[in-house]
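# Per-entry structural report
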Amino acid sequence: MGLLVILFFFGLAGGIVGRIKGSSFFIWFLVAALVPFFGLLAAVCYRWDNRELRRQCPGCGRILKLHDTVCTRCGEELDFPDVAIASEAEMRERRAAGRTPA
Ligand SMILES: [Zn+2]
């Protein structure tokens with residue numbers, strides 16, 4: 001019983017870390033609960049999804065990560081783009097900065 005509680009809290013911590021980084025809470029909850037400690041470590045070391053630069057698919061217009069090579073919606077093969085779209089985190093910071101008078 002005690003072990004289940006420990007696994008639950010590992011899962012919770014991993015899920016929260018994953019969520020903060022713009023990834024799935026549920027996936028990281030499972031990873032951290034099933035592989036205690038190392039799963040949580042993986043969540044902490046995992047790249048910040050919402051800090052990645054983004055790009056738009058020329059085929060269907062879907063917003064993808066800059067490092068994606070194939071569109072996940074239409075399957076279009078993607079060259080490295082000339083223009084990147086700012087990451088979600090960056091956009092949020094810009095919006096927050098815009099609210100304060102200069
Ligand atoms: Zn596409």
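Rules behind the numbers
- Residues numbered from 1 in each chain as written.
- Predicted model: local features only at pLDDT ≥ 70, side-chain atom pairs only at ≥ 80, totals over all residues.
- Heavy atoms only, no water.
- Donors = N, O, S within 2.8 Å, 3.2 Å for Na, K, Ca; no water.
- Tetrahedral: all angles 85-135°; square planar, octahedral: opposite > 155°, others 65-115°.
- Buried < 20%, exposed > 50% of the residue type's maximum accessible area, 1.4 Å probe, protein only.
- Axes fitted to C-alpha atoms, helices over the stretch in contact; angles between N-to-C directions.
- Helix = DSSP H or I, 4+ residues; strand = E, 2+ residues; numbered from the N terminus.
- Parallel < 35°, antiparallel > 145°, perpendicular 65-115°, else oblique.
- Left-handed = near helix turned anticlockwise from the far one by under 90°.
- Contact = heavy atoms within 4.5 Å.

Here we take up the coordination of the zinc ion. Around the zinc ion, the protein contributes the donor atoms Cys57 (SG), Cys60 (SG), Cys71 (SG) and Cys74 (SG), at 2.2 to 2.3 Å from the metal centre. Around the zinc ion sit four donor atoms; with metal-centred angles ranging over 105 to 115°, the donor geometry is tetrahedral. Mapped onto the polypeptide sequence, the residues donating to the zinc ion form the spacing pattern C-x2-C-x10-C-x2-C. The exposure class assigned to cysteine 60 is partly exposed, which follows from its relative accessible area of 28%.

When two helices pack together, their arrangement is captured by the angle between the axes and the distance separating the axes. One way to put it is that helix H1 (residues 2-20) packs onto helix H2 (residues 25-34) with a least axis distance of 7 Å and a crossing angle of 140°. Between H1 and H2, the crossing angle belongs to the class labelled oblique. Considering the relative orientation of H1 and H2, their crossing is right-handed. Of the residues in H2, those in contact with Leu7, Phe8, Phe10, Gly11, Leu12, Gly14, Gly15, Ile16, Gly18 and Arg19 of H1 are Phe25, Trp28, Phe29, Ala32 and Ala33.

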